[in-house]
Every structure is written in C-alpha cells, then in structure tokens.
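# Notes for the structure review
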Amino acid sequence: MAATPIAVVTGASSGIGAATARQLAAAGYRVVLTARRKDRIEALAAEINEAGHQATAYALDVTDRTAVDEFATAFRSLAVLVNNAGGALGADPVATGDPADWRQMYETNVIGTLNVTQALLPALTESGDGTIVILSSTAGLSTYEGGGGYVAAKHGEHVLAETLRLEIVGTPVRVIEVAPGMVRTEEFATTRFRGDTEKAAKVYAGVDAPLTADDVADTITWAVTRPSHVNIDLLVVRPRAQASNTKVHRTA
Ligand SMILES: NC(=O)c1ccc[n+]([C@@H]2O[C@H](COP(=O)([O-])OP(=O)(O)OC[C@H]3O[C@@H](n4cnc5c(N)ncnc54)[C@H](OP(=O)(O)O)[C@@H]3O)[C@@H](O)[C@H]2O)c1
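The following paragraphs examine the structure supplied in this document. (Residues numbered from 1 in each chain as written. Predicted model: local features only at pLDDT ≥ 70, side-chain atom pairs only at ≥ 80, totals over all residues. Heavy atoms only, no water.)

### Notes on the overall build of the protein
Note the following rule: Elements are defined by DSSP. Helices are runs of H or I of four residues or more, strands are runs of E of two residues or more, and each kind is numbered from the N terminus. Both definitions apply: the radius of gyration is a C-alpha atom measure, and the globule rule equals 2.2 Å times residues to the power 0.38. When a residue's accessible area, from a 1.4 Å probe over protein chains only, is under 20% of the maximum for its type it is buried; when over 50% it is exposed; and in between it is partly exposed.
Secondary structure assignment for the protein yields eight helices and seven strands. Relative to the globule expectation of 18 Å for 252 residues, the C-alpha radius of gyration of the protein, 17 Å, shows essentially globular dimensions. Taken along its principal axes, the extent of the C-alpha atoms in the protein is 55 × 40 × 35 Å. Taking all 252 residues of the protein together, 49% fall into the buried category.

What follows is the structure in structure tokens.
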C-alpha cells in the first residue's frame with residue numbers, strides 16, 4: 001500500500017493556513033501543522049484527527065533558520081509544502097513607515113518562505129512529485145498607497161516563486177503561487193493594525209462578501225490536486241466586489 005502523502009503547512013494556527021490544513025487533510029494528505037502558537041496548532045491537529053484524517057503539530061518560527069533546519073530533518077520525502085506564514089504590519093506611507101516593520105515583514109514573508117523552501121526542497125525532490133505553494137498576494141503584483149513594506153515583501157515572495165520555478169524546471173517539483181486579494185480572516189487586519197479592531201473592521205466595511213479563508217484554501221487545494229504535469233504558475237483570486245487593490249465596491 002502506498003504511504004499517505006505528507007503536506008506541511010506553515011502559519012496553520014489561524015486564517016488561510018488553518019483552513020488549508022483542514023482541506024488538505026480531507027483531500028487525503030497527512031498534514032503537518034506549523035506556527036509559533038503551539039496550543040492552537042495542537043488543538044487543530046486534534047480536531048482533524050477526530051474527524052478521521054491525519055495531522056500532527058510542530059511549533060516553528062519560520063524566521064529561525066536553525067529551528068527550520070532541525071524541523072526538516074524529520075522528512076526524507078515530502079509531497080506538498082504550503083508557504084503560508086506571513087502578514088502585514090502597519091499601513092503607513094513610505095515617508096513615515098517604520099523600518100522595523102518593513103524588516104519584520106521581509107523576514108517573515110520572504111526569508112521565512114526562503115528558509116522553509118530551502119530546507120524542504122531535498123525532501124520534495126526525493127518524493128518524485130513535489131509541490132511548493134507560495135501564498136503571496138495581489139500586493140505582490142501591484143501596489144497601493146499605504147501598502148509600503150507589505151507590498152515590497154509580497155513582491156519579494158512573488159519574485160522568489162518565479163525565480164525558483166525557472167531554476168528547478170526539469171526536477172519533479174512544481175511551484176504554484178496563489179495571490180489572493182481581500183480575504184476576511186480573523187487576525188490578518190487586526191495584526192496589521194496592532195490589535196485595533198475598529199481600524200481592522202474598516203478594511204472590510206460595506207464590502208459584499210470578501211473572500212474567506214475557506215475560499216482561498218479551496219483554491220490552494222484545487223491547484224495542489226491537479227495532475228502532476230499541470231503547474232498552476234500563478235492564480236489571482238479576489239472577491240467579486242474587488243476589481244483591483246484600489247478599486248473596491250462598498251455599499252456604505
Ligand atoms: N487576509 C488577507 O487579506 C490576505 C490576502 C492576501 C494574502 N494573504 C497572505 O496569506 C497568508 C495568511 O494570511 P491570513 O489572512 O490567514 O493571516 P493570519 O490569520 O494573520 O495568519 C497568519 C499566520 O502566519 C503565522 N505566522 C506569522 N509569523 C510567523 C512566523 N514568524 N513563523 C511562523 N508562523 C508565523 C501565524 O501564526 P503564529 O502567530 O501562531 O506564528 C498565523 O498562523 C499570509 O502570508 C498573508 O500575507 C492574506
């Protein structure tokens with residue numbers, strides 16, 4: 001009997017990562033949930049196991065290269081890596097943005113993705129049929145006022161995906177980039193505005209049905225479960241009410 005394929009999901013403690021872990025588990029993968037908040041990924045792993053699927057939890061900060069390398073030693077062969085850990089800090093203009101925020105966003109979104117991808121690439125290759133997903137954003141494709149350091153970091157992730165795809169062509173590993181627009185997750189905007197829930201709520205005010213974490217997880221799961229020779233290079237997914245980063249229809 002063939003072994004159950006393994007999928008590693010970073011940032012699986014909330015939002016898109018948690019939803020993706022649930023959906024990949026339901027699609028037949030043994031999911032390995034990682035994030036810094038151990039209690040949350042352990043609770044989610046228990047929920048997935050109780051539902052009759054397979055999950056384990058491993059506390060990991062993707063910016064800690066030593067810890068990432070240690071984590072990677074557990075995998076000789078790996079089917080899927082979903083680089084989802086990331087996020088935004090602040091919405092200040094370039095003129096006044098805090099360099100520490102820019103640095104942290106670059107560290108988490110770009111270096112975090114680089115760390116985990118480099119560490120697990122041998123196992124993905126060894127599987128003979130590996131898939132790397134990079135969760136960038138429409139912020140990785142065009143800018144908006146106040147996007148600043150987040151836009152810069154997500155452009156970095158986009159370039160990482162494109163460059164890696166060029167460099168590993170001919171190996172049995174594909175690189176899929178999923179770039180969502182506005183997704184209403186429980187923590188993304190609250191983290192961006194440092195706990196200011198009023199400011200966070202304004203992001204979605206009057207928008208008829210922003211995307212949900214499940215919508216993006218569904219997109220990721222679809223892309224990952226295409227036949228091996230089919231590479232969804234870049235998938236942009238937005239809510240119907242959003243035509244671009246700056247053109248959003250609001251009813252109020
Ligand atoms: N929401 C949106 O509108 C939207 C749109 C486009 C793209 N995205 C991207 O989609 C991804 C998920 O976003 P989301 O909306 O689901 O946000 P979220 O709910 O805030 O989730 C972010 C996840 O990243 C993890 N994380 C953050 N820093 C980490 C680190 N240093 N090491 C390991 N894990 C870390 C967090 O877990 P811990 O805190 O437990 O470590 C959390 O699980 C992000 O890359 C985000 O930029 C979001």
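Moving on from the model shown.
### Some words on the sheet that holds strand β5 (residues 130-135)
The following threshold applies: Strand pairing is defined by DSSP finding a minimum of two bridges between the two strands. Here, axes are lines fitted to C-alpha atoms. For helices the fit covers the stretch in contact, and angles between N-to-C directions go from 0 to 180 degrees. The contact criterion used throughout is that any non-hydrogen atoms of two residues lie within 4.5 Å.
Here we have seven strands laid out as an open sheet, ordered β3-β2-β1-β4-β5-β6-β7, and parallel in their pairing. Two strands close off the open sheet at either side, each with one partner strand: β3 (54-59) and β7 (234-237). Mean inter-strand twist for the sheet, computed between neighbouring axes without regard to direction, equals 15°. The strands touched by helix α5 (residues 148-168) within the sheet are β4 (80-83), β5, β6 (173-180) and β7, with β6 carrying the most contacts at an inclination of about 160°.

### Description of the site of the ligand
Threshold: Think of it this way: one heavy atom of a residue within 4 Å of a molecule or strand is enough to make that residue near it. In protein, a polar contact means a hydrogen-donor-capable atom and an acceptor-capable atom, both N or O and within 3.5 Å, with residues adjacent in sequence counting only if both atoms are side-chain atoms; elsewhere, any N or O pair within 3.5 Å suffices.
Around the ligand lies a shell of 30 residues, among which S13, S14, R36, Y150 and T185 are the nearest. Between the ligand and V62 there is a distance of 3.0 Å, counted from a nitrogen atom to a backbone nitrogen or oxygen. In the model, an oxygen atom of the ligand is placed 2.7 Å from a nitrogen or oxygen of the T185 side chain. Those elements that place two or more of their residues in the shell around the ligand are α1 (15-26), α4 (99-126) and α5.

### A short note on unusual backbone geometry
Even without a glycine there, the phi angle at R194 is positive, about 50°. Residue R194 is classed as exposed on the basis of its relative accessible area of 52%.

### Looking at a nonpolar patch on the surface
Convention followed: The residues that make up patches have over 30% relative accessible area and no salt bridge, and they are joined within 9 Å when like-charged or within 5 Å when they are Val, Leu, Ile, Met, Phe, Trp or Tyr. Surface exposure here means Shrake-Rupley accessible area, sampled with a 1.4 Å probe, where a residue is shielded only by the protein chains that are shown. Salt bridges are identified by distance alone: a Lys or Arg side-chain nitrogen within 4 Å of an Asp or Glu carboxyl oxygen.
Taken together, the side chains of L141, L234 and V236 make up a nonpolar region of the molecular surface, amounting to roughly 210 Å² of accessible area. You can see L141 is positioned in the loop between β5 and α5. A residue is classified by how much of its surface remains accessible, and L141, at 34% relative accessible area, is partly exposed.

### Observations concerning the pairing of β4
Note the following rule: The definition of a right-handed crossover adopted here requires that, viewed with the strands pointing away, the path from the first strand over the helix to the second runs clockwise.
Covered by surrounding structure in β4 are V80 and V82 together with L81 and N83, the residues of both alternating faces. Looking at chain direction, strand β1 (residues 6-10) and β4 are connected through three bridges and run parallel. Looking at β4, one finds that V9 is bridged to V82. Of the pairings in the sheet, the one linking β4 to β5 comprises four bridges and is parallel in character. Within β5, the position partnered with V80 by the bridge is T131. In this view, the connection linking β4 to its parallel neighbour β5 by way of α4 has right-handed handedness.

### Notes on the packing of α4 against α5
Our working definition: Each angle is binned into one of four classes, with values under 35 degrees roughly parallel, values over 145 roughly antiparallel, values of 65 to 115 roughly perpendicular, and all other values oblique. Helix crossings are classified by the rotation of the near helix relative to the far one: an anticlockwise turn of less than a right angle makes the crossing left-handed, while a clockwise turn makes it right-handed. Polarity classes work like this: nonpolar for Ala, Val, Leu, Ile, Met, Phe, Trp, Tyr, Cys and Pro, charged for Asp, Glu, Lys and Arg, and polar for all others, with Gly in that last group.
Two numbers describe how α4 lies on α5: the axes approach to 7 Å, and their chain directions differ by 20°. Taken together, the axes of α4 and α5 are roughly parallel relative to one another. The crossing of α4 and α5 is right-handed. Here α4 contributes W102, M105, Y106, N109, V110, T113, L114, T117 and L121 to the contact with α5, which in turn contributes G148, G149, Y150, A152, A153, K154, G156, E157, L160, L164 and I168. Of the residues belonging to the contact of α4 with α5, the class tally is 12 nonpolar, six polar and two charged.

### Considering the packing of aromatic side chains
Put simply, the test is: Here the aromatic set is Phe, Tyr and Trp, taking the six-membered ring for Trp, and pairing holds for ring centres within 6.5 Å; pairs whose planes are under 30 degrees apart are stacked, those over 60 apart are edge-to-face, and all others are tilted.
As enumerated under the stated definition, the model contains three aromatic pairs in all. Judged by centre distance (5.1 Å) and plane angle (70°), the ring pair of F71 and F75 falls under edge-to-face. Three or more aromatic residues joined by ring pairs make a cluster, and in this case those are Y58, F71 and F75.

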